[in-house]
Amino acid sequence: MDLRTTFATQAYDQARASTPISPDLGTQANDTGAGQVFQEAMQSLAATVQNGENIARASMTTGANPHALVTALAQTELAVETAVTIRDRVVEAYQEILRMPV
C-alpha cells in the first residue's frame, strides 16, 4: 500500500467534506460560465496552497501539530496535482483543435 496515495485520499475526503458546494452548480450548468468555474477553482487552489504554507511556517516556528502539517501538505500536493492534470488536458485539447483540418 502506497502511503502517499492513502494520505492523498484522506486529504481529498477531508477537503471535499469541508468545501461548501453550491446547490445550483451541478443542476444549472448553463447559468454558471466556464470562466467563473475556472476562477473559483484557481481561488480554491491558491487558498489550499496558502493554508499549507501557513501550517508549515507555524510548525517550523512554533512547533505546531505535525499531523496537521502532514494533512496540509497532502492537501496541497493533491491540489497541485489536480491543477497540473487540468492544465495538461487543456493543452491536449488545444493541440487536438490545432490538428483539425480546416
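This text follows the structure it describes.
This structure is a prediction, so every number in the text was calculated from the model and none was measured. (Residues numbered from 1 in each chain as written. Predicted model: local features only at pLDDT ≥ 70, side-chain atom pairs only at ≥ 80, totals over all residues. Heavy atoms only, no water.)

Focus: the packing of helix 2 (residues 34–61) against helix 3 (residues 66–99)
- In contact at an axis separation of 9 Å, helix 2 and helix 3 are set at 150° when each is read in the N-to-C sense. Considering their axes alone, helix 2 and helix 3 lie roughly antiparallel with respect to each other. Our pair here, helix 2 against helix 3, has a crossing hand that is left-handed. On the side of helix 2, the interface is formed by Leu-45, Thr-48, Val-49, Asn-51, Gly-52, Ile-55, Ala-56 and Ser-59, while helix 3 contributes Ala-68, Leu-69, Ala-72, Gln-75, Thr-76, Ala-79, Val-80 and Ala-83. (Axes fitted to C-alpha atoms, helices over the stretch in contact; angles between N-to-C directions. Helix = DSSP H or I, 4+ residues; strand = E, 2+ residues; numbered from the N terminus. Parallel < 35°, antiparallel > 145°, perpendicular 65-115°, else oblique. Left-handed = near helix turned anticlockwise from the far one by under 90°. Contact = heavy atoms within 4.5 Å.)

Describing the environment of Val-80
- Relative to the helices and strands, Val-80 resides in helix 3.
- Residue classification places Val-80 among the partly exposed residues on the basis of a relative accessible area of 39%.
- Put simply, Val-80 and Leu-45 are 35 residues apart on the chain and 7.3 Å apart in space, counted from C-alpha to C-alpha.
- In this structure, Val-80 is in contact with Leu-45 and Val-49, ignoring residues within four places of it in sequence. (Buried < 20%, exposed > 50% of the residue type's maximum accessible area, 1.4 Å probe, protein only.)

Re helix 3
- For helix 3, built from 34 residues, the straight-helix expectation of 50 Å at 1.5 Å per residue is met to within 8% by its first-to-last C-alpha distance of 49 Å.
- Listing the buried residues of helix 3 in full gives Leu-69, Ala-72, Ala-74, Gln-75, Thr-76 and Ala-79.
- Put simply, Asn-65 is the residue that caps the front of helix 3, since its side-chain oxygen is 3.0 Å from the backbone nitrogen of His-67. (Expected span 1.5 Å × (residues − 1). Polar contact = N/O pair within 3.5 Å; in protein donor to acceptor, adjacent residues only side chain to side chain.)

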